[in-house]
2 protein chains.
Amino acid sequence: MLIIKVGGGKNINWKHVCADLAVLARSEPVVLVHGASVKRDEVAQKLGITTRYLTSPSGQVGVYTDKSAIEVMSMVYAGLVNKQVVAMLQQAGVNAVGLSGADGRIWEGKRKTNLIGVENGKNKLIRDTYTGKVEQVNTDLLKLLIKHDYLPVVTQPAISFEGDLINTDNDRNIAVMARDLACTKLVVLFEAPGLLQNADDETSLIKKVKRTEIDLVMYQVSGRMKKKVLGAKEALGFGVVEIYWGDARIKNPVMSALAGNGTVIS
Amino acid sequence: MLIIKVGGGKNINWKHVCADLAVLARSEPVVLVHGASVKRDEVAQKLGITTRYLTSPSGQVGVYTDKSAIEVMSMVYAGLVNKQVVAMLQQAGVNAVGLSGADGRIWEGKRKTNLIGVENGKNKLIRDTYTGKVEQVNTDLLKLLIKHDYLPVVTQPAISFEGDLINTDNDRNIAVMARDLACTKLVVLFEAPGLLQNADDETSLIKKVKRTEIDLVMYQVSGRMKKKVLGAKEALGFGVVEIYWGDARIKNPVMSALAGNGTVIS
C-alpha cells in the first residue's frame, strides 16, 4: 500500500497527479491525502474571514482555528478541492471516494481546548479553537474501500473524540496512517523539486537524507517545510522505511518521486 | 431500508433529526440525503456570486449552474453542511460517512449540454451549465457501507458519465435511489408540517394523498413544492409504497412523520 500526500499549493498539477494515480492504482492499493491551503485562504479572504494567529507563552505562532475558520476549511478542503480531485480521478478511470477525516472517524483525535495564548502581553485562555491532533485511524473503513477497488481521497477536517470537526496536520496524519495501515512507503508532493539546501534555489536539491540525519535537517528548514520534516521523522519512527518527496508541478509527479528524482528519506 | 431526505432550509433542526436517526438506525438501515440551499445562497452572496437563471424557449425558468455555481454548491453541500451533519450524527453515536454523489459515482447521470436559453428575446446556446439528471446509483457502495454499520449521508454534487460535477435534483435522486435499492418507504422532511392546502396556512395540512391523486396535487402546488410532488410521483412509479412528508423543525421529526403526523402519500 502506498500513501500519497499532495500539498495545497496553487501550482499543483492535479491532471498529472491523477494520470499517475490511474496507472499506479492498477498494481498497488493507494490512499490519497490532500491539502487545499491556498484555495482556503483565497475563499476565506473573499468571505471576509481573516486568518487569526495564536502566540503561545513560549512564543510559537500557530493558526487560531475558530468557528468560522473550521467552516471555511470544511468547505474548501472537503467540499471544493476534494470533489474536484475525485472528479478528475473519475475522469482518469479511477473510482475515487472522497472523505474527510470526520467521515467514519477516519482521523480521530484530541481537540485542544484550554489553550493559553498571549494577547497584548497577557496570557489568555482560548477555548473556541477547533484544532487538534489525530491519534487513531479508522483503518477498517479505508481497507474496506480499497478491497472493493475504491481509491480513498482523504482530507481535512478530522474529528475529535467528542465529535467536533477539528483542523489537524496532514503531515502528521499520514505518519499515523502509515503506522495504523502498516505502510512502509510514503510519497509527499509539493511545489518544489524536493528538499532544498537553499529554499530560494530550486537547483539546490538534496537527493538523499538518511534517517539518522533527520534531526539535523530539522534545524536547517523553516516554516511549512519544518512540519513536513517533523511528519517524516514521525513516520520513520512509526516504521516507514522510505519517504519520497517530489514535485507536484511536473509531468508524472508520483512516478518521478518514486524513481528518486526528488528527495529520498530512508 | 429507509431513505430519509432532509431539505436545505434555515430552520431545519438537525439536532432533532440526528437524535431520531440514532434510534432508528439501530433497527433499520438508513440512508440520509440532505440539501443546503439556504446556506448555499448565503455563501454565494458573500462571495459575490449571484444565482443565474435560465429561461427555456417554452418559458420555464431554471437555475443556471455555471462553473462558479457548481463550485459553491460543492463547497456548501459536500463540504460545510455535509460535514456538520456527519459530526452531529457522530456526536449522537452514529457512525456516519458523508459522501457527495460524485464519490464512487453514487449518483451518476447525464449532464445537460447544449441547452437553449432565451436572452433578450433571442434563443441562445448554453454550453457551460453544470446541471443534469441522475440515472443510476452505485448501490454496491451504499450497501457495502450499510453492511458495515456506517450510515451514508449523501448530498450534491452528482457526477456526469464524463466525470463532471453536476447539480441535480434531490427529490428525483431519492426516487432513483429507492428504485435501485428496492426501498419501499421514503421520508421527506422540510420546513412545513407537510403538504398544505394553502401554502401560507400551516394549519391547512393535507394528511393523506392517494397515489391516484398525485397528478391532481401537482396542479395545486407551485415552486419547490412542485419538485417534491414530481419526485414523489416518480418514486411511486419506481415501486415506493409509502412516502412520509413531515416537519424538520419539530422534536422527533422522523418518528413523527413515520407516525403519520405529516402527509402520507400511498
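Every value quoted in this text rests on a predicted model; they were computed, and no experiment measured them.

The rules behind these values
- Residues numbered from 1 in each chain as written.
- Chains lettered and ligands numbered in written order.
- Predicted model: local features only at pLDDT ≥ 70, side-chain atom pairs only at ≥ 80, totals over all residues.
- Heavy atoms only, no water.
- Phe/Tyr/Trp six-rings, centres within 6.5 Å; stacked < 30°, edge-to-face > 60°.
- Helix = DSSP H or I, 4+ residues; strand = E, 2+ residues; numbered from the N terminus.
- Buried < 20%, exposed > 50% of the residue type's maximum accessible area, 1.4 Å probe, protein only.
- Lys NZ or Arg CZ within 6 Å of the ring centre and 35° of its normal.
- Pairing = 2+ DSSP bridges.
- Least-squares fit on C-alpha atoms with pLDDT ≥ 70 in both.
- Contact = heavy atoms within 4.5 Å.
- Axes fitted to C-alpha atoms, helices over the stretch in contact; angles between N-to-C directions.
- Parallel < 35°, antiparallel > 145°, perpendicular 65-115°, else oblique.
- Nonpolar A, V, L, I, M, F, W, Y, C, P; charged D, E, K, R; others polar.

### Regarding the packing of aromatic side chains
Here comes step 1: Per the stated rule, a full pass over the model turns up two aromatic pairs over all chains.
Here comes step 2: For the pair Phe 190 of chain A and Trp 245 of chain A, a centre-to-centre distance of 5.5 Å together with 85° between the ring planes defines the contact as edge-to-face. Taken as a pair, Phe 190 of chain A in strand S13 (residues 185-190) and Trp 245 of chain A in strand S15 (residues 242-247) lie far apart in primary sequence, 55 residues in all. Considered together, Phe 190 of chain A and Trp 245 of chain A belong to a single accessibility category, that of buried residues.
Here comes step 3: Over the ring of Phe 190 of chain A we find Lys 228 of chain A; its NZ or CZ atom is 5.1 Å from the centre of that ring.
Here comes step 4: When the ring centre of Tyr 64 of chain B is taken as origin, the NZ or CZ atom of Arg 52 of chain B, which lies over that ring, is 4.1 Å away.

### Observations regarding the pairing of strand S3 (residues 52-55) of chain B
On a regular strand, one side chain projects to one face of the sheet and the next to the other, so that they alternate.
All names here are of chain B.
Here comes step 1: Sheet topology places S3 next to strand S4 (residues 61-64); four bridges connect them, and they run antiparallel. Note that in S4 the partner of Tyr 53 across the bridge is Val 63.
Here comes step 2: With antiparallel pairing between neighbouring strands as the criterion, S3 and S4 make up a hairpin whose turn holds five residues, including Gly 59 at a positive phi of roughly 95°.

### Quick word on the sheet that holds strand S12 (residues 165-166) of chain B
Residue and element names in this part refer to chain B.
Here comes step 1: Spatial ordering of the open sheet is given by S9-S6-S11-S12, a layout of four strands whose pairing is mixed. Every other strand in the sheet has two partners, leaving strand S9 (132-137) and S12 as the edge strands with one partner each.
Here comes step 2: In terms of strand pairing, strand S6 (residues 107-111) meets S9 through five bridges, oriented antiparallel. Each residue of the ladder has a partner; that of Lys 110, found in S9, is Lys 133.

### Here we look at the relation of the copies chain B and chain A
Two copies of one chain are present, and they are related through a rotation about an axis combined with an axial shift.
Here comes step 1: The transform that puts chain B on chain A rotates by 180° and translates by 0.0 Å along the axis, for an RMSD of 0.0 Å. Within this description, the copies of the chain are treated as partners about a two-fold rotation axis. Taking C-alpha positions as the reference, the residue of chain B nearest the rotation axis is Gly 79 of chain B, at 1.7 Å.
Here comes step 2: Most of the interface of chain B is mirrored in chain A, where 100% of its interface residues are also at the interface.

### Details of the environment of Pro 193 of chain A
Residues and elements named next belong to chain A.
Here comes step 1: Inspection of the secondary structure puts Pro 193 in the loop between S13 and strand S14 (208-209).
Here comes step 2: A relative accessible area of 16% places Pro 193 in the buried class.
Here comes step 3: Remark: the alpha-carbon pair of Pro 193 and Leu 205, spanning 12 residues in sequence, is separated by 6.8 Å.
Here comes step 4: Apart from the residues lying within four places of it in its own chain, the contact partners of Pro 193 are Glu 202, Leu 205, Trp 245, Gly 246, Asp 247, Arg 249, Asn 261, Gly 262 and Thr 263.

### Digging into the packing of helix H4 (residues 139-147) of chain B against helix H5 (residues 170-181) of chain B
Residues and elements named next belong to chain B.
Here comes step 1: For the pair H4 and H5, interaxial distance at closest approach is 10 Å and the crossing angle is 75°. Classified by the angle between their axes, H4 and H5 sit roughly perpendicular to one another. Between H4, through Thr 139, Leu 142 and Lys 143, and H5, the contact on the second element is made entirely by Met 177, Asp 180 and Leu 181.
Here comes step 2: When its residues are assigned to classes, the contact of H4 with H5 shows three nonpolar, one polar and two charged.

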